[in-house]
Amino acid sequence: MAILPDPWLDILIAAAVVAVMAGRILFTDRPLPVDLTNAIWLGSAMSHSVLSGLPPTFFINTKSADLAGVFNPVFAFYGGPLLALFGLLTDALGHSVLAALDVLVTLAFASAYGGTAWISRQCGLRGRLPHVPAVAVISAPYFVTDLYGRGDLPEFVALSSIPLLVASTVHLVRAKSWTPGPTVLFILSVIVFTGSHNISLVWGTLIGLTVLVVLAAIPRSGNPSIARLCAVAGLGMLAVMVNGWYLLPDVVFGDTTAVAQVAMNVGSTTASSFFDTPALLFNPFRSVPSQSGTAALYVQAPVWFLGWSTLCGIWIWFKSSLVELRKWWTALGMLLAALFILIIETSLWNLIPTALQVIQFPYRLNGYVLLLTAALVLVSLLAVQRQLTGANRSLVGRGLLAILVGVMSISMGTAIWQEWVPQSCNWVGVSCAPNRSSNLTPPHVLPLTWYGGNNYTDTTAPVVEVPADRSFSFSPDLIDTRGDSLAGTFDPPGGTQPFLTNITAGPELVTIGGGIERVGRSEAGMAVVRRVQPGDGPVRVVIETADNPATQAGPWLSLTGLIGVVLLVAGQVFLRWHRRRLAPRRAADGGRP
C-alpha cells in the first residue's frame, strides 16, 4: 500500500525541491545582490501607494535629487505590475516586505518547477519522470544566477512564469472544457509575464513564437480546432489588457527614456563578451570569468543535461521506432544551436534589429537555453520511457536512466552550492547591505544600494542651461499618498529666467502648471521650468500625471481586461457548482439530463 497517493507524492517532491532552492531567501538574513535589495525597496515604496487607489502610480518620490528626485517614473518602465503585486503582498502580510519577498520568490520557483512538470505530464511522461525536466530548469546555472547572483527579481519572475504559461496554454488548448483552476493559472501567468520585465517580454515572445512556428511545421495528428485556439488567444488578450495601465505608456514612451538610448547601443551588447565564449558556456563546472564585476554571475548552459540529451539523441537516431520523436528532438536541437551561435558569435549582433538590442548582454539568452534544454530532456525521456514499456525493456534505456540519476545529482548539488557558497555581495556596507533587513528605508529615502540614477528621464525636451544658483526642490513629503500629484503654494526663484527642479519625469508623463511652466531639461534630465509671470513671491503650483491618450486609455484597458477575466472565471465557477448540484439528481434519474 502506498504511503502517499501519487499526486501528493508529486507535490511533496516539488515542495521539497522548491524549499531547498529558495532556502537562502526563506531561512536566512544573508546579504543579497544589489539589484535584489533595490527591488525590495521598490516593493516597499509601492506598498505605500497601492492602498491609495488604482491603477498604481508611475513614480517614486525621494529626497535625493541627484539620484532619483520626485516624480521619477520607475514604475512606468520597470516592472510596474510585478512591483504593484509585490506592494499588495506586502500590505496583505502586515506591511512586511520581507515576508512578501519570501512568498514572491517561492511562487516563482513553484511556477518554474510546477509548470515544467505539468507540461511533461501533458506530453506523456509518467510516474516520477515529469520531475526531471523541472529539475533541469531550476538547477540551471543561469536560473540560479538570475536570483542569487544578479539579483534581477523582475527577470527571474518573468523567466519563472514561462513554464506555467506554456503548460496552462497547452491544457486550455487540449481540454474538452475549461475549468477555473487552469484558467486562473493561465490568466495569472500572462499577467506576470507581460508585467515583469520588458527585455524578457520582447525576447521571450520572439523565441516563443519561433519555437511555435518550428514545432507546428512537424506533421502530427490531433491538431486543435481554430475556434479553441482563438478562444485561448482571446483570453490571453484579456489578461494582457489587465496590464494596460503600464504597457501602453511603456510602449508609447519607452524609447524616449535615457536608459533606452544606452540599451540600444550595439556596443553595449559586446562589452561583456568574455561571458560569451564556448569554453565558459560549456564548462561542466560552474565558474565566473576573472573580468566579471559580479562574483556569482554563472552563465553556463545546463551542460550535464545537454550531454545526457545528446546521448539520447544519438540513440534516437538509430531507433526506427522513434521517428516522430527524432523530428521533435532535431527541431529543438536546431533551435538550441541557433541560440548558442547568437550568444557566442557577438559580431552577429550588428545585424540584429535595433528593437532587439534591449537585451544588453547576449548571455541573457541563457534563460531560454535552459528552457529549451528542459524541452530536449523531455523529448529524450519520452523516447526512453517508450523503450522501457512492455515486455522488451531496452538495456540502453535502463543505462540512460542510470546515467540520468548521476546527472540530476550533479546538477542539483552544484545548484545548491551556487545558491549558498559564492559571495554574491562583493562590498558589504558599500555596494551591498550587510543583510537584507538593514536596508529597509522609508519610501522617500533611497537605500544605500541605489545606483540607478535617473534612468527614466525624458530625452526629447530641449536641454536648457541654468545658472548654478537657480534651483528649487519640491519635498516628497508634500506629494499625495498615492504618489502622483502635488498642489500647493511655493516660493521658487524670482524672475522669468529658467531654474532647475528635482522633477524627473518628462512632459509625456508629468504636467507642470499653475504659476510655473516647463521649458526643457538639464543634461541630467531633470525638468527646467520658469515662472509664468515676472516678479517673485509665492505662486500656486500643480504637478500631476499627464493627460494623454496613453495614460488615459491604459487604465480603461486594465479595467476592461479585469472585468472580462473576472466574469469569465466567475462563470466557470458557477457552472461547476451548478453541475455538481445537479449530479445527484441526474444519477437518480439514470443519467438523463
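Before reading on, note that the structure itself is shown above.
Residues numbered from 1 in each chain as written. Predicted model: local features only at pLDDT ≥ 70, side-chain atom pairs only at ≥ 80, totals over all residues. Heavy atoms only, no water.

Trainee: I would appreciate a short explanation of the overall build of the chain in the present structure.
Mentor: A count of helical and extended segments in the chain gives 20 helices and seven strands. A compact globule built from 593 residues should have a C-alpha radius of gyration of about 25 Å, and the chain, at 26 Å, falls within 12% of that. A principal-axis box enclosing the C-alpha atoms of the chain has dimensions of 95 × 70 × 45 Å. Counting all 593 residues of the chain, 53% fall into the buried class. Across the chain, the fraction of contacts at a sequence separation of at least 24, relative to all contacts at a separation of at least 6, is 76%. Surface exposure of the chain reaches about 25,600 Å², of which carbon and sulfur atoms provide 67%. Averaging the coordinates of the 34 positive side-chain charges in the chain and doing the same for the 30 negative ones gives two points 21 Å apart. (Helix = DSSP H or I, 4+ residues; strand = E, 2+ residues; numbered from the N terminus. Rg over C-alpha atoms; globule rule 2.2 N^0.38 Å. Buried < 20%, exposed > 50% of the residue type's maximum accessible area, 1.4 Å probe, protein only. Contact = heavy atoms within 4.5 Å. Areas by Shrake-Rupley, 256 points an atom, 1.4 Å probe, with all protein chains shown as cover. Lys, Arg positive; Asp, Glu negative; His and termini not counted. Charge placed at Lys NZ, Arg CZ, Asp CG, Glu CD.)

Trainee: Which parts of the structure should I look at to understand the sheet that holds strand β3 (residues 499-501)?
Mentor: Across a sheet, paired strands are connected by hydrogen bonds in the backbone, their directions being either parallel or antiparallel. Sheet architecture is open: four strands sit in the order β1-β3-β6-β5, paired in mixed fashion. In this open sheet, the two edge strands, each paired with only one partner strand, are β1 (471-472) and β5 (516-521). Two strands pair when backbone bridges link them, and β3 and strand β6 (residues 527-531) are joined in this way by two bridges, in the antiparallel orientation. Bridge assignment links F499 to a residue of β6, and that residue is V529. (Pairing = 2+ DSSP bridges.)

Trainee: Hey, could you run me through a nonpolar patch on the surface in this one?
Mentor: Side chains of L311, I314, W317, F318 and I403 sit close together on the surface and give an oily, nonpolar patch of about 570 Å² of accessible area. Summarising the element assignment, I314 is placed in helix α16 (residues 303-317). Under the relative-accessibility criterion, I314 is labelled partly exposed at 48%. (Patch = residues over 30% accessible without salt bridge, like charges linked within 9 Å, V, L, I, M, F, W, Y side chains within 5 Å. Salt bridge = Lys/Arg side-chain N within 4 Å of Asp/Glu carboxyl O.)

Trainee: Explain the packing of helix α17 (residues 323-344) against helix α18 (residues 366-387) here, please?
Mentor: For any two helices packed against each other, the geometry is given by the interaxial angle and the distance between the axes. Where α17 meets α18, the closest approach of the two axes is 10 Å, and the angle between their N-to-C directions is 160°. Overall, the two elements α17 and α18 adopt an arrangement that is roughly antiparallel. When the axes of α17 and α18 are compared, the crossing they make is left-handed. Only N366, Y368, V369, L372, T373, A375, L376, V379, S380, L382, A383 and R386 of α18 make contact with α17, whose side of the interface consists of L325, W328, W329, L332, G333, L335, L336, L339, F340 and I343. (Axes fitted to C-alpha atoms, helices over the stretch in contact; angles between N-to-C directions. Parallel < 35°, antiparallel > 145°, perpendicular 65-115°, else oblique. Left-handed = near helix turned anticlockwise from the far one by under 90°.)

Trainee: Just checking my understanding: could you explain helix α13 (residues 244-253) for this structure?
Mentor: In an α-helix, one full turn covers 3.6 residues, which means residues spaced three or four apart are oriented alike. Taken across its ten residues, α13 has seven buried, putting it largely inside the fold. Along α13, the residues classified as buried are G244, W245, Y246, L247, P249, D250 and F253.

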